[in-house]
Amino acid sequence: MGDTSDGIQYLANLITGQIPDIYTYSIQIGYNKEMDYINSYFMSVNEQVAMVCDRLRRDPKLAKGFNFLGFSQGGQFARAVVQRCSLPVVNLITFGSQHQGVYGIPKCPGSDKTYCNVARKMLSYGAYMGYIQKHVVQAQYWHDPTKEETYRKKSIFLADINCEREVKPIYKDNLLKLEKFVMVLFTNDSFVQPIVSQTFGQYVPGQSSKVLPMEETELYKSDRIGLKTLNEQGKLINHTVNGDHVKFTHEWFIDTIVKKYLK
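Residues numbered from 1 in each chain as written. Predicted model: local features only at pLDDT ≥ 70, side-chain atom pairs only at ≥ 80, totals over all residues. Heavy atoms only, no water.

**Some details on the state of the cysteines**
Tallied over the entire structure, the rule returns 1 disulfide. The residue that forms a disulfide with cysteine 53 is cysteine 85, at a sulfur-sulfur distance of 1.5 Å. With the S-S bond torsion at 50°, the cross-link from cysteine 53 to cysteine 85 turns out right-handed. A residue pair is termed long-range when its members are at least 10 positions apart, and cysteine 53 in helix H3 (residues 45–58) and cysteine 85 in helix H4 (residues 73–85) qualify at 32 residues. Overall, cysteine 53 belongs to the buried group, its relative accessible area being 3%. On the basis of relative accessibility, which here comes to 7%, the residue cysteine 85 falls in the buried class. (Disulfide = S-S within 2.5 Å. Helix = DSSP H or I, 4+ residues; strand = E, 2+ residues; numbered from the N terminus. Buried < 20%, exposed > 50% of the residue type's maximum accessible area, 1.4 Å probe, protein only.)

**Some thoughts on the packing of aromatic side chains**
Taken as a whole and assessed by the stated rule, the structure comprises 13 aromatic pairs. Between the aromatic rings of phenylalanine 71 and phenylalanine 95, the centroid separation amounts to 4.4 Å while the plane-to-plane angle is 15°, which identifies the pairing as stacked. Linking phenylalanine 71 in strand E1 (residues 66–71) with phenylalanine 95 in strand E2 (residues 89–95), this pair joins segments that are 24 residues apart in sequence. Overall, phenylalanine 71 belongs to the buried group, its relative accessible area being 17%. Three or more aromatic residues link up through ring pairs in this structure, and these residues are Phe71, Phe95, Phe186, Phe248, Trp252 and Phe253. (Phe/Tyr/Trp six-rings, centres within 6.5 Å; stacked < 30°, edge-to-face > 60°.)

**With respect to the sheet that holds E2**
One open sheet holds the 4 strands; their spatial order is E1-E2-E3-E6, and the pairing between them is parallel. Of all strands in the sheet, those with a lone pairing partner are E1 and strand E6 (236–241), marking the two edges. For this sheet the average axis-to-axis angle between neighbouring strands, irrespective of direction, equals 15°. Where E1 meets E2, 5 bridges bridge the pair, whose relative direction is parallel. When the bridges of E2 are listed, glycine 70 appears paired with threonine 94. The sheet strands contacting H4 are E1, E2 and strand E3 (180–186), and the helix crosses E1 at an angle near 145°. (Pairing = 2+ DSSP bridges. Axes fitted to C-alpha atoms, helices over the stretch in contact; angles between N-to-C directions. Contact = heavy atoms within 4.5 Å.)

Encoded structure:
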């Protein structure tokens with residue numbers, strides 16, 4: 001949200017610094033940097049996922065398998081790609097991602113808050129209205145715990161990838177093909193509400209103060225996307241960082257992510 005593929009190029013440089021012959025690909029959504037930025041606020045996420053699936057399928061350098069990293073909202077989008085597209089993903093690694101959605105956008109990224117402020121106003125007005133659902137990215141993973149039934153019926157993205165309306169076996173089958181599903185949670189996150197969404201926790205339905213850890217959610221207990229199975233197989237890995245949203249040191253990234261999961 002509020003970033004571009006160029007904005008995370010420094011991480012690709014950190015990776016190649018450790019593994020010189022590795023191939024990295026940072027996905028741009030749109031024809032230029034400006035569109036990439038705007039599309040992080042205003043575009044159908046389902047269209048984004050389909051676009052990315054097509055690009056990754058067409059890249060011969062990824063045909064034998066690749067690791068997929070997703071930052072913030074890019075993490076749940078990357079998970080959707082894994083679930084829907086049957087690509088040869090080895091490890092899926094998400095950083096501060098909103099796997100159970102958000103209920104509130106408390107802080108805008110960057111210095112130019114124009115797009116973020118517009119998105120916030122539209123979400124507050126009616127996240128589950130058809131036009132807003134289709135066009136405002138953050139509405140598509142807006143999870144109002146006081147309107148669970150409305151969320152399940154109206155959410156066109158998150159409710160689908162979490163199988164809230166219909167269980168889709170292919171989603172579970174594809175996640176279970178992963179060697180590792182790694183989730184990084186930022187303990188002082190001022191952006192994600194609730195923070196536990198980063199590891200599939202959520203608000204207790206009907207209110208917005210108490211939270212459930214992943215293991216106590218219906219999504220986990222029903223195992224409808226394979227979280228319980230992954231956990232029992234030792235494939236579901238959680239890391240915590242004592243920092244704000246997606247704030248980590250280069251040393252931590254190299255030691256905890258690159259050396260453990262990318263080599």
